[in-house]
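# Descriptive structure summary
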Amino acid sequence: MSVWQVVVTVKSRVTDHHGEALKKECVHSGLKGVKSVRVGPAYELSGNLPETEVRRLAERLLADPVTQEASIAVPGAVKAPAGARLVRIWLKNGVADPVGDTVLFAAKDVGVRGLDSARSGRAYEFHGPAGADALRRFCEEHLMNPLIQRVEIL
Amino acid sequence: MTALAEFPALTLDDLLSLSKERGLSLSSEEMGAIQARFRAAGRAPTECELETLAQTWSEHCKHKTFRAAVVHVEKDELGLERRREYKDLLKETIVKATEDLRRPWCISVFKDNAGIVSYDGKDALALKVETHNHPSALEPYGGAGTGLGGVIRDVLGAGLGAKPIANTDVFCFGPLGEGPEFKTGSGLTTRRIFHGVVSGVRDYGNRMGIPTVSGAVVFDEDFRDNPLVFCGTLGLMPVDKVAKEVRAGDRVVMLGGRVGRDGIHGATFSSDNLTAGIPSSVVQIGNPIVEKKFMDVLLAARDRGLYRGVTDCGAGGLSSAVGEMGEQTGVDVCLEKVPLKYEGLKPWEIWLSESQERMVLAVPPENLSALLKLCASEDVEATDIGEFTGTGRLRVRFKDEMLVDMEMAFLHGGCPKRRMSSTWSAPATTSFPQPGGKGAGPKEALLGILAQPTVASKEWIIRQYDHEVQGRTILKPLVGPSQAGPGDASVIWIRPDSEEAVAISCGVSPHYSRWDPYWMAASVLDEAVRNLVSVGTDPDTIAVLDNFCAGDPTNPAILGEVVRAAQACHDTAKAYGTPFISGKDSFYNQFVDHKTGEKRAIPTTLLVTAMGRVLDASKLVTMDLKKAGNWLYVLGETRDELGGSRYGIWWRERFPSRGGGLFGSVPRVNPRETWPLYEKLNEAMKNSLIASCHDCSDGGLAAALAEMALAGGLGAYGDLRKVPVTADLKAEGRTDKVMFSESNGRFIVEVGARARREFLALFKGMVVGALGQVRETPRLDLVDLKGKTISWKLADVEKAWRGGMKV
């Protein structure tokens with residue numbers, strides 16, 4: 001049994017419209033110091049999955065090969081790059097996750113058999129010196145609904 | 001059996017605490033009735049039985065308030081008191097109007113999941129509108145999406161199933177913004193709720209492949225903590241698929257998604273006040289792809305005659321759906337057969353779960369294998385979970401454990417009738433303040449009104465919805481050469497070989513309620529009908545549907561508003577000959593701040609959704625001005641009716657210090673004057689005499705004319721001295737009142753030079769005023785009552801209107 005985290009982001013030469021809109025929102029709401037934001041879907045996949053299988057899922061199912069790229073990591077090993085903070089927002093356990101269910105279903109179609117569970121979320125990379133507490137407040141007020149979601153800040 | 005051993009011995013107070021503790025939302029009287037029943041049976045109820053009763057007897061499922069016996073006392077503005085007793089509020093008001101009207105085309109009203117009318121003898125149309133207010137306040141995306149998903153299932157579960165062909169959406173929100181001052185009771189800001197709701201409806205409707213064609217949005221401080229989310233669906237079905245039944249021996253088949261812990265206690269939760277600190281288990285997240293898949297299978301199975309009865313799994317989950325279907329026969333259910341999303345659910349959770357995207361079918365045993373095969377071929381899960389029996393009992397077991405064993409007669413007939421009292425007193429109103437002051441003239445007022453988010457362009461929302469899918473939408477929500485004008489009604493094509501079509505529209509004006517809920521309801525009904533007439537709908541074919549939202553009905557003042565509104569529905573519907581075919585109510589739309597104990601309730605709000613037939617779709621009329629040189633006429637009388645008007649709201653916001661309280665009189669409806677006008681207008685449209693037509697509603701005549709001009713990209717000239725007004729308004733000589741009064745039953749119509757003579761001959765003896773003319777110059781010119789011209793650049797008008805709703 002292994003657990004993997006897959007984060008999909010737009011390639012660097014493609015404009016990240018969601019990221020740009022979010023940066024404006026940071027400025028608008030008074031979150032200081034954010035220079036840029038990257039945004040993308042995140043997935044937590046678990047099952048009997050070797051890395052090659054996870055890569056196959058990430059590249060063939062979860063990311064659009066033209067505009068997006070996927071990064072794969074084991075959850076505990078995810079580290080923020082220098083000068084940035086990573087935010088992950090996940091649905092709480094027990095809340096229905098149609099996106100996760102669809103990934104589970106579609107994995108079979110691309111020939112990946114070992115996937116037991118898939119949960120969907122959103123990943124954010126905030127560049128700039130915004131503090132963790134201010135960032136958490138911003139996430140709770142702008143990016144998530146604490147009733148059904150939880151946030152991780154790395 | 002998990003018996004609540006002490007139940008038979010509890011006092012009424014203990015019973016009430018038990019109801020609260022378990023979130024059953026039952027009153028002490030209702031708990032007492034359950035206790036008496038189980039005392040007579042010589043045993044205590046099981047947990048599951050108590051939960052089943054709570055669901056079936058919930059306000060959401062049983063409409064206890066609308067079915068209550070009500071003693072209503074009201075005082076008019078002169079202090080004269082009137083008293084009226086209703087034995088059953090719904091039966092004696094809304095349903096009575098429909099019964100009295102005896103429209104032969106009303107083929108299934110107030111009994112199925114949707115109201116069904118015959119369209120042309122071959123096909124029938126099913127219409128339903130639902131609210132999903134409490135869930136949307138807490139989790140706007142999931143709440144609004146599942147609201148729409150639920151009403152789509154209502155239509156799929158009407159008769160033997162209607163194909164959804166159009167959706168509608170109407171929302172009421174608080175003023176949009178971020179930051180602490182825009183925080184709502186659930187902790188989210190108004191803007192978050194707005195964005196979540198719009199995207200929830202968008203994603204569900206678009207992914208199901210159903211066009212969202214009609215709607216409205218109201219922004220008002222009253223809805224900050226209690227947003228209202230109305231979602232509607234129109235369905236099409238063969239007329240021979242309207243009747244349904246369940247026979248003993250039929251199998252109980254659950255179709256669609258699996259069961260998880262989602263939305264447990266949704267029905268009872270919606271029958272309670274919204275408070276902070278709600279558990280996440282009440283939240284539902286929709287999966288439109290699952291619903292789309294079973295929709296296709298269901299309609300295929302319907303056409304092959306594989307099942308006899310169907311209903312949707314909504315509030316209360318299996319407990320409501322199965323309990324309702326088996327009412328006449330009795331039913332046995334084995335819960336261990338129900339497919340689960342994950343392990344660990346307790347049996348009562350399986351029974352009550354509101355996991356979305358499920359239907360329950362009554363399948364004759366000989367068709368079971370064919371149905372299961374069809375479902376498997378489309379990758380839709382279907383499971384035989386029990387049998388409709390002839391025992392008249394609801395029996396639910398999990399393996400060997402009997403969870404529920406009680407008579408259907410008690411489950412459906414044992415709920416004691418509520419006896420309620422209601423009061424209403426006409427509020428004190430003052431006359432509308434005199435105009436004056438810098439920046440307070442009619443020129444600024446018109447721009448200010450057009451920029452009010454409620455009036456302003458909703459293009460940002462509308463464009464996110466697919467309103468073209470299925471290829472049936474003839475009149476779209478936005479009209480005119482630049483597809484930006486706010487159309488009065490949308491029109492859907494039913495059959496390719498026919499000129500006929502169906503039009504759909506709505507009316508909602510909650511702010512009028514503060515003046516008088518009676519005239520609020522009458523105005524709303526008139527607006528919905530007027531919108532249909534504006535595009536060319538035959539007024540004699542209109543059917544309507546009500547959705548009431550209010551605060552706590554046990555407060556007599558709140559129930560008084562509902563009673564007055566329901567009475568107006570009866571009186572106006574009867575006068576117009578427009579039967580109500582279905583409806584829904586949502587109470588407890590009030591937020592209780594658990595820190596301060598403060599209760600904040602919405603004004604009683606009625607949404608009327610209307611549909612009617614357009615006999616010749618080639619003669620449809622839109623609201624955009626068509627050609628310079630054409631003549632403009634005002635139909636209907638303008639009265640001094642500015643109470644609750646957009647102008648009044650603008651005035652209050654502009655001069656908060658100059659006028660408190662309620663000022664002006666609320667618009668009334670006079671069917672004897674308006675109805676003949678509607679019929680005449682329809683005749684003129686059939687004779688192709690009308691080039692464009694727009695009803696006067698929010699912002700009155702001036703806003704209507706401005707909208708027509710910007711939709712058509714043409715200028716307009718109008719002389720306000722030519723507008724037909726009442727004698728007192730004429731004597732008063734106030735330009736602002738003529739411009740912005742929201743009197744019902746009025747239209748502005750555009751008539752071509754050639755049609756003018758015939759038009760005037762047709763309208764002879766009716767209230768018509770020669771307002772002015774369409775012009776090429778992009779300007780709006782209105783001559784005021786003193787003969788002075790007020791002028792707006794069309795670009796300024798458009799800028800105000802397009803930029804008003806700041807998302």
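Look above for the structure.
The paragraphs below set out a description of the structure included in this document. The structure displayed is predicted, hence computed values, not measured ones.

### Some words on the overall build of chain B
Tallying secondary structure elements over chain B gives 26 helices and 36 strands in all. For 807 residues, the compact-globule formula gives about 28 Å, and the C-alpha radius of gyration of chain B, at 27 Å, lands near that figure. By its C-alpha atoms, chain B is 85 × 60 × 50 Å across when sized along the principal axes. Every one of the 807 residues in chain B was classed for burial, and the buried ones make up 64%. Within chain B, counting contacts between residues at least 6 apart in sequence, those at least 24 apart form 83% of the total. Of the roughly 27,700 Å² of accessible surface on chain B, a fraction of 51% belongs to carbon and sulfur atoms. Where the 97 positive side-chain charges of chain B centre and where its 104 negative ones centre are 4 Å apart.

### Remarks on the overall build of chain A
Along its length, chain A carries 4 helices and 6 strands. The order of α-helices and β-strands along chain A, N terminus first, is β-α-β-α-β-β-α-β-α-β. Taking 154 residues into account, the globule formula puts the C-alpha radius of gyration at 15 Å, and chain A, at 16 Å, falls close to it. Summarising its shape, the C-alpha atoms of chain A cover approximately 45 × 35 × 25 Å along the three principal directions. Considering only contacts in chain A between residues 6 or more positions apart, those separated by 24 or more positions represent 80%.

### Some points on the packing of helix α2 (residues 51-62) of chain A against helix α3 (residues 98-109) of chain A
Residue and element names in this part refer to chain A. Between α2 and α3, whose axes approach to 11 Å, the crossing angle comes to 100°. Taken together, the axis directions place α2 and α3 in an arrangement best described as roughly perpendicular. Contacts from Leu57, Leu61 and Leu62 of α2 reach α3 at Val103, Ala106 and Ala107.

### Digging into unusual backbone geometry
Residue and element names in this part refer to chain B. At Gln483, a residue that is not glycine, the phi angle is positive and equals roughly 50°. By secondary structure assignment, the location of Gln483 is in the loop between β20 (478-479) and β21 (485-486). A positive phi is found at Tyr588, a non-glycine position, where the angle reads about 60°. The buried category is assigned to Tyr588, whose relative accessible area is 9%.

### Re the sheet that holds strand β5 (residues 115-127) of chain A
Residue and element names in this part refer to chain A. Spatial strand order, β3-β1-β2-β5-β4-β6: 6 strands in an open sheet with antiparallel pairing. Unpaired on one side and paired on the other, β3 (68-73) and β6 (149-153) mark the two borders of the sheet. Strand after strand, the sheet turns through a mean of 25° between neighbouring axes, direction not considered. The sheet contact formed by strand β1 (residues 2-10) and β3 spans 6 bridges and is antiparallel. Of the residues in β3, the one forming a bridge with Val8 is Ala70.

### Section: the interface of chain B and chain A
Counting residues at the interface gives 20 residues for chain B and 14 residues for chain A. Between chain B and chain A, a total of about 1,300 Å² is buried, with carbon and sulfur atoms accounting for 55% of that surface. Where chain B touches chain A, the interface holds 2 salt bridges. The shortest N-O distance in the salt bridge between Glu141 of chain A and Lys183 of chain B comes to 3.6 Å.

### Describing the nonpolar core
Residue and element names in this part refer to chain B. Judged by nonpolar contacts, the single largest core of 74 residues is most densely connected at Phe66, Phe548, Leu681, Ile690 and Val749. Among the elements that line this core, the one with the most residues is helix α18 (residues 517-535), at 12 residues. Leave out the neighbours within four places in its chain, and Leu681 touches Val533, Leu635, Ile690, Cys693, Phe747, Val749 and Phe763. Counting residues in hydrophobic clusters, the runner-up holds 49 residues, among them Leu24, Leu26, Leu50 and Met254.

### Observations concerning the sheet that holds strand β33 (residues 747-751) of chain B
Residue and element names in this part refer to chain B. The strand order β31-β33-β29-β34-β32-β35-β36 describes an open sheet built from 7 strands, whose pairing is mixed. Pairing within the sheet leaves two strands with one partner each, and these edge strands are β31 (692-695) and β36 (789-793). Averaged over all adjacent pairs, the angle separating strand axes in this sheet is 20°, with direction ignored. Sheet analysis places strand β35 (residues 779-783) next to β36, joined by 5 bridges and oriented antiparallel. Counted as the bridge partner of Leu782 is Ile790 from β36.

### Points about the pairing of strand β1 (residues 69-75) of chain B
Residue and element names in this part refer to chain B. Bridging between β1 and strand β17 (residues 419-425) involves 7 bridges; their strand directions are parallel. Residue pairing in the sheet places Ala69 in a bridge with Arg419 of β17. In this sheet, strand β2 (residues 81-86) lies alongside β1 in antiparallel orientation, the contact comprising 6 bridges. Opposite Val73, over in β2, you have Arg83 as the bridge partner. Here β1 folds back onto β2 in antiparallel fashion, the turn holding 5 residues, of which Gly79 has a positive phi close to 85°.

### Quick look at the pattern of salt bridges
All names here are of chain B. Under the counting rule described, the total for this entry stands at 63 salt bridges over all chains. Residue Glu387 is joined to Arg251 by a salt bridge in which the shortest nitrogen-to-oxygen separation is 2.9 Å. Of this pair, Glu387 sits in strand β14 (residues 382-388) while Arg251 is found in strand β9 (residues 251-256), placing the two residues 136 residues apart along the sequence. The partner of Arg721 in a salt bridge is Asp719, with the nearest N and O atoms 3.0 Å apart. Residue Arg721 is classed as partly exposed on the basis of its relative accessible area, which comes to 43%. It is possible to trace a salt-bridge network through shared partners that takes in Asp640, Glu732, Arg734, Asp736 and Lys737.

### Side note on the side chain of Thr168 of chain B
Tracing the backbone shows Thr168 of chain B in strand β6 (residues 163-173). Apart from residues lying up to four places away in sequence, Thr168 of chain B is in contact with Val129, Ser214, Phe230, Cys231, Gly232 and Ile504 of chain B.

### Re helix α11 (residues 288-303) of chain B
All names here are of chain B. Along its 16 residues, α11 runs 23 Å from first to last C-alpha, staying within 8% of the 22 Å computed at 1.5 Å per residue. Among all positions of α11, only Pro288, Glu291, Phe294, Met295, Val297, Leu298, Leu299, Ala301 and Arg302 are buried. Gly305 sits one or two positions beyond α11 and adopts a positive phi of about 65°.

### Quick look at the packing of aromatic side chains
Residues and elements named next belong to chain B. Within the structure shown, the criterion is met by 24 aromatic pairs over all chains. Residues Tyr647 and Phe740 carry aromatic rings whose centres are separated by 4.7 Å and whose planes lie at 25° to one another, so their mutual orientation is stacked. Taken as a pair, Tyr647 in helix α20 (residues 646-654) and Phe740 in helix α24 (residues 735-740) lie far apart in primary sequence, 93 residues in all. By relative accessible area, which is 1% here, Tyr647 ends up buried. For the pair Tyr678 and Phe747, a centre-to-centre distance of 5.5 Å together with 80° between the ring planes defines the contact as edge-to-face. A residue pair is termed long-range when its members are at least 10 positions apart, and Tyr678 in helix α21 (residues 671-686) and Phe747 in strand β33 qualify at 69 residues. Neither residue differs from the other here; Tyr678 and Phe747 are each classed as buried. Among the aromatic residues, those joined into a ring-pair cluster are Phe432, Tyr647, Trp650, Trp651, Phe655, Phe663 and Phe740. Above the ring of Phe38, the side-chain terminus of Arg37 is found at 5.6 Å from the ring centroid. Lying over the aromatic face of Trp424, Arg564 brings its terminal NZ or CZ to 4.1 Å of the ring centre.

### So, the pairing of strand β13 (residues 358-363) of chain B
Sheet faces and side chains relate simply in a regular strand, where the side chains alternate between the two faces. Residue and element names in this part refer to chain B. The element β13 is extensively covered by neighbouring structure, given that 6 of its 6 residues are classed as buried. Covered by surrounding structure in β13 are Arg358, Val360 and Ala362 together with Met359, Leu361 and Val363, the residues of both alternating faces. Both β9 and β13 contribute to a ladder of 6 bridges, which runs antiparallel. Its bridge partner being in β13, Val252 is matched across the sheet by Ala362. Taken together, the 4 bridges between strand β11 (residues 309-312) and β13 define a ladder with antiparallel strand orientation. Its bridge partner lying in β13, Thr311 is registered against Val360.

Rules behind the numbers
Residues numbered from 1 in each chain as written. Chains lettered and ligands numbered in written order. Predicted model: local features only at pLDDT ≥ 70, side-chain atom pairs only at ≥ 80, totals over all residues. Heavy atoms only, no water. Helix = DSSP H or I, 4+ residues; strand = E, 2+ residues; numbered from the N terminus. Rg over C-alpha atoms; globule rule 2.2 N^0.38 Å. Buried < 20%, exposed > 50% of the residue type's maximum accessible area, 1.4 Å probe, protein only. Contact = heavy atoms within 4.5 Å. Areas by Shrake-Rupley, 256 points an atom, 1.4 Å probe, with all protein chains shown as cover. Lys, Arg positive; Asp, Glu negative; His and termini not counted. Charge placed at Lys NZ, Arg CZ, Asp CG, Glu CD. Axes fitted to C-alpha atoms, helices over the stretch in contact; angles between N-to-C directions. Parallel < 35°, antiparallel > 145°, perpendicular 65-115°, else oblique. Pairing = 2+ DSSP bridges. Buried area = accessible area lost by both parts, 1.4 Å probe. Salt bridge = Lys/Arg side-chain N within 4 Å of Asp/Glu carboxyl O. Core = buried A, V, L, I, M, F, W, Y, C linked by side-chain atoms within 4.5 Å. Expected span 1.5 Å × (residues − 1). Phe/Tyr/Trp six-rings, centres within 6.5 Å; stacked < 30°, edge-to-face > 60°. Lys NZ or Arg CZ within 6 Å of the ring centre and 35° of its normal.

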